[in-house]
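# Observations on the three-dimensional arrangement
Residue-level listing of the chains:
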Amino acid sequence: MERVEFITESPDSGDGVSTKSMMLNMGPQHPATHGVLRIVLHLDGEIVVKAVPYIGYLHRGIEKLCENITYQQCLPYTDRMDYLAAICNNIGFILTVEKLLGIEDEIPERAKVAEVILFELGRIESHMVGIGTHALDLGAMTAFFYCFKERERIYDILELVCGARLTTSYPRVGGLPLDLPEDFEEKIRNFLKIFPETIDEVDKLLTRNKIWVNRTKGVAYISAEDAINLGLSGPNLRGSGVPHDLRKSNPYLDYDKYDFEIPVGTDGDAYSRYLCRMEEMRQSVKIIEQAINNLPDGPYAADLPEIVLPKKELVYTKMESLIRHFVLVYEGLKPPVGEVYHGVENPKGELGYYLVSDGTAKPYRMRVRGPSFVNMQAIAQMVKGAFLADVITAIGSLDIVLGEIDR
Amino acid sequence: MNSSLGGDGFLTTTINYIANWGRKNSLWPMPFGTACCAIEMMGAFASRYDISRFGAEVARFSPRQADLMIVSGTITYKLASVCRRIYDQMPNPKWVIAMGSCTCGGGPFDSYAVVQGIDEFLPVDVYVGGCPPRPEALIDAIMKIQKKIENEGAPII
Amino acid sequence: MSVDSDSVIGSIRSQFESSIYKTYSFRDETTLFVKKESFLKFCRSLKQDFKFTYVIDITAVDYLDIRVPRYEMVYLFHRFGDDYDENIRIRIKVELEDSDITIDSITPIWSGANWLEREVLDMFGIEFRGHPDPRRILMPEDYKPHPLRKDFDVRNRQPSKESFEKELKEGFE
Ligand code: SF4
């Protein structure tokens, strides 16, 4: 749905040629806006004078909905924010509730390592779409198919673990709901064998591709200072040369035990951010490799009767377990009065949950700091003075997801 | 080919049948993807499921060139008028698939901003439940639409 | 980590003794309550002197029937340090009376605050003095209520419907 409107403006360019400034409405239904983003562009010929983004077309009221349900019930809503990496959102939420309950230290090692593996799979999953659709927008269709092929492989693993492809709703407060499936390890190892080849393939397709380089290099530039000031996070911040990653600076899930690097770009342009994402996937592979080698046996959920649901076998055979199950489902968990914020390094940037508890089973306030919401602000600055076609590059390189922007 | 034509090189049919046959095997979808379901729709278009096996791979992002609208993802009131307008811009005959619980009936979002089912403002031909439905379900929906076209069709002029 | 967060927060507290009237700590997260009058000055100094260059989040909480003052603005800031090796976070709160829900905008200091403040304006109806672009961000512009206030029912679809019908009639601008 594109509409063009002409506004006559004073032809004061000095050379006697009268010019018209044009207003172009891009979106909300436009294939390159990755959802329902609407940008109103003020153009002078091909040059963007001003870009005004309009959002909110997907505002579903998740924060308000979550105020009316119990903590466990909030989990499925977190999937539907950043649906490209639903599992990362889930884990972020679970970690926040665990922090609120003060039970971080009780989570068994097996659950933590499994969560790291899934988190990194989520990162790969998201970057695959991010790069694939970005390439598609710029006319490179093949890369999209290569990326989606890999995504399907990750879906298979997720499906094996939790039964759903996209909307996982997987771990629970206190650990995993079920033990990992038997062939989990084998599947992951298999994936680790195949996946690096795909990265190389995508790398070959794009990294030195002349069209790709020309369309991304030097485009949608943002300096480190501006990036910090605007509150960008994730690859968008690191692409500008700021080595900030919550996995390093605030190592949740024992990320400090893993050996990996934070790829940092130098130029702050779309190409830099693309390179960051590519390298991040390689680092994710490294993390998963270490994690799967150290996946310990043992319990998969914490031994906390008032928080973690009893095992299904026990529910069917023991009266106390049945009652406990009933009470926990019916009443929900009741964290102490207080408030916490916890941020995790989502594929798109810092995803933060801010929970205010009034001592009941429902969150008094749940606030989600979606990384894309804050990142999206940069668009106006990035495309100012650029060509119209570069707007597409800028949107793609920011790697936004509207579910998270609007919530 | 020749043998099936009975040697004479022609076959008899009705205009309706041949038009419906053509329409059903070359559906041009207009993917109106807004949220999570759109990712599964992309999955259906991509390598593994490959919707082109059903003749429906020519995704048109301009409503004027499409005859099948796949509404996938949550539709909020703010977006509803856009959705309706895009539908109005599509030429006849046209069909609509409501993909995902959100489009069928609001899905998990019983909230102040979300339309509780797109049939509040659009005629829907096939509903696909699921949150999100798997790509197979979308393909099934397309086959249902094809059946519908085959059986009922639409006036030719 | 070159500096630990306690010492930074300690020095903030000692410098702004008169403006900070309450501190609160829960699960290793410190919250400072700042007086509304000196909030802007406090923020300037936070950025310039204490190098909290990064704004993470801005939101609000509505304590209807629970607490007076009713609203609480919540700000979260981050400090990178010179070599990006620090991880110091601080939460600032400003309480707002129901009768006067305006506060100084911090967008002139951190441009990243722009949309975050607009979202609070949209969801809670809190007004930001000096905000460059005070419009609703998520809901349609002719939408009246503020959804995240506690006295708004989550299933109240009437206002959305009205604005939808109006738009349908008038066309998409
Ligand atoms: S039905 Fe479920 S998966 Fe589909 S858009 Fe709605 S919430 Fe997302």
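Residues numbered from 1 in each chain as written. Chains lettered and ligands numbered in written order. Predicted model: local features only at pLDDT ≥ 70, side-chain atom pairs only at ≥ 80, totals over all residues. Heavy atoms only, no water.

All names here are of chain B. With parallel pairing, the four strands of this open sheet are ordered in space as β1-β2-β3-β4. Every interior strand has two partners, whereas the edge strands, β1 (29–33) and β4 (126–128), have only one. Here the strands of the sheet are splayed against their neighbours by 15 degrees on average, with no regard to which way each runs. Across five bridges, β1 lies against strand β2 (residues 68–72) in parallel orientation. In the sheet register, Pro-31 faces β2, and the bridge partner there is Ile-70. Helix α5 (residues 135–151) rests against β2, β3 (95–99) and β4 of the sheet, and its axis sits at about 155 degrees to β3. (Pairing = 2+ DSSP bridges. Helix = DSSP H or I, 4+ residues; strand = E, 2+ residues; numbered from the N terminus. Axes fitted to C-alpha atoms, helices over the stretch in contact; angles between N-to-C directions. Contact = heavy atoms within 4.5 Å.)

Around the ligand, 13 residues are found, and the nearest of them are Cys36(B), Cys37(B), Ser101(B), Cys102(B) and Cys131(B). Neighbouring residues of the ligand are distributed over chains A and B. More than half of the atoms belonging to the ligand lie within 2 Å of the grid points that define the largest cavity. Contributions of two or more residues to the shell around the ligand are made by α2 (36–45) and α4 (101–105) of chain B. Looking at the shell around the ligand residue by residue, the classes come out as seven nonpolar, five polar and one charged. (Near = heavy atom within 4 Å. 1 Å grid on protein atoms, 1.4 Å probe; cavity = no way out; pocket = protein on both sides within 12 Å on 5 of 7 lines; lining within 4 Å. Sits in = over half its atoms within 2 Å of the grid points. Nonpolar A, V, L, I, M, F, W, Y, C, P; charged D, E, K, R; others polar.)

Let us look at the interface of chain A and chain B. With 36 residues of chain A at the interface, the matching set in chain B holds 35 residues. Secondary-structure elements contributing two or more residues to the side of chain A that touches chain B are α1 (62–66), α4 (109–137) and α5 (141–162) of chain A. Here the side of chain A that touches chain B gets 10 residues from one element, more than from any other, and that element is α5(A). Its residues placed into classes, the side of chain A that touches chain B shows 18 nonpolar, seven polar and 11 charged.

Time to look at the domain arrangement of chain C. Residues and elements named next belong to chain C. Per the domain assignment, the segments making up chain C are domain 1 (5–135) and domain 2 (139–173). The distance between the C-alpha centroids of domain 1 and domain 2 comes to 29 Å. In this assembly, 11 residues from domain 1 lie in contact with nine residues from domain 2. Between the two partners, domain 1 and domain 2, sit two salt bridges. The salt bridge partner of Arg-135 is Glu-141, with a shortest N-O separation of 3.5 Å. Here the side of domain 1 that touches domain 2 takes four residues from helix α3 (residues 113–124), the largest share from any one element. (Domains from an automatic or database assignment. Salt bridge = Lys/Arg side-chain N within 4 Å of Asp/Glu carboxyl O.)

Residues and elements named next belong to chain B. By the definition in use, this model includes six cavities of 30 Å³ or more. Put simply, the largest cavity is a space of about 90 Å³. The wall of the largest cavity is formed by 14 residues, among which Cys-36, Cys-37, Thr-74, Cys-102 and Cys-131 lie closest to the centre. Breaking the lining of the largest cavity down by element, the ones donating at least two residues are α2 and α4. Along the lines of polarity and charge, the residues of the lining of the largest cavity split into seven nonpolar, five polar and two charged. (Points joined across faces, edges and corners; volume = space filled by probe spheres on them.)

Counting from both sides, the interface comprises 51 residues of chain C and, opposite them, 54 residues of chain A. Buried surface at the junction of chain C and chain A, both sides included, amounts to about 4300 Å², of which 55% is carbon and sulfur. Scanning the region where chain C abuts chain A turns up seven salt bridges. Across the pair Lys99(A) and Glu29(C) runs a salt bridge, and its minimum N-O distance is 2.6 Å. Across the contact surface, chain C and chain A share 23 residue pairs in polar contact (both at pLDDT 80 or more). Of all elements in the fold, only β1 (20–26), β2 (29–34), β3 (54–62), β4 (71–79), β5 (88–96) and α3 of chain C reach the threshold of two or more residues within the side of chain C that touches chain A. Taken together, the residues of the side of chain C that touches chain A sort by class into 29 nonpolar, eight polar and 14 charged. (Buried area = accessible area lost by both parts, 1.4 Å probe. Polar contact = N/O pair within 3.5 Å; in protein donor to acceptor, adjacent residues only side chain to side chain.)

Here the focus is the packing of α4(A) against helix α11 (residues 270–293) of chain A. The angle between the axes and the distance between the axes are what describe a pair of packed helices. Residue and element names in this part refer to chain A. Running from N to C, α4 and α11 cross one another at 155 degrees; their axes reach a closest spacing of 9 Å. Looking at the two axes, α4 sits roughly antiparallel to α11. The way α4 lies across α11 gives a crossing that is left-handed. Within the contact between the two elements, α4 uses Val-113, Val-116, Ile-117, Glu-120, Leu-121, Arg-123, Ile-124, His-127, Met-128 and Ile-131 and α11 uses Tyr-274, Arg-277, Met-278, Glu-280, Met-281, Ser-284, Val-285, Ile-287, Ile-288, Ala-291 and Ile-292. (Parallel < 35°, antiparallel > 145°, perpendicular 65-115°, else oblique. Left-handed = near helix turned anticlockwise from the far one by under 90°.)

Moving on, we come to the environment of Tyr49(B). By the element assignment, Tyr49(B) lies in the loop between α2 and β2. Assessed through its relative accessible area of 9%, Tyr49(B) is described here as buried. Distance from Tyr49(B) to Leu122(B), taken between C-alpha atoms, is 28 Å for residues 73 residues apart in sequence. When residues no more than four places from it in sequence are discounted, the contact partners of Tyr49(B) are Glu152(A), Arg165(A), Gly43(B), Ala44(B), Arg134(B), Pro135(B), Glu136(B) and Ile139(B). (Buried < 20%, exposed > 50% of the residue type's maximum accessible area, 1.4 Å probe, protein only.)

A surface patch of negative charge is lined by Glu104(A), Asp105(A), Glu106(A), Asp303(A), Asp4(C), Asp6(C) and Asp28(C). Residue placement: Asp6(C) occurs in helix α1 (residues 5–15). (Patch = residues over 30% accessible without salt bridge, like charges linked within 9 Å, V, L, I, M, F, W, Y side chains within 5 Å. Areas by Shrake-Rupley, 256 points an atom, 1.4 Å probe, with all protein chains shown as cover. Lys, Arg positive; Asp, Glu negative; His and termini not counted. Charge placed at Lys NZ, Arg CZ, Asp CG, Glu CD.)

To continue, consider the pairing of β2(B). Residue and element names in this part refer to chain B. Here β2 lies mainly inside the structure; five of its five residues are buried. Side chains of β2 alternate between two faces, with Leu-68, Ile-70 and Ser-72 and Met-69 and Val-71 buried alike. Pairing of β2 with β3 involves five bridges; the strand directions are parallel. In the sheet register, Met-69 faces β3, and the bridge partner there is Val-96.

Now for the nonpolar core. Counting 218 residues, the largest nonpolar core has Met73(C), Tyr75(C) and Ile126(C) as the members making the most contacts within it. Counting residues per element, this core draws most heavily on α4(A), at 13 residues. Two domains each donate at least three residues to this core, and these are domain 1 (5–135) and domain 2 (139–173) of chain C. Apart from residues lying up to four places away in sequence, Ile126(C) is in contact with Ala60(C), Tyr71(C), Met73(C), Leu96(C), Ile101(C), Ile103(C), Val120(C) and Leu121(C). Core analysis: the second largest hydrophobic core is formed by 21 residues, Ala44(B), Ile51(B), Ile142(B) and Ile149(B) among them. (Core = buried A, V, L, I, M, F, W, Y, C linked by side-chain atoms within 4.5 Å.)

Here the focus is the state of the cysteines. Two cysteines, two sulfur atoms, one covalent bond between them: this is a disulfide. All names here are of chain A. Per the counting criterion, the structure on display carries zero disulfides over all chains. With no disulfide of its own, Cys-88 lies 13 Å from the sulfur of Cys-162, the closest cysteine sulfur. For Cys-88, a relative accessible area of 0% corresponds to the buried category. (Disulfide = S-S within 2.5 Å.)

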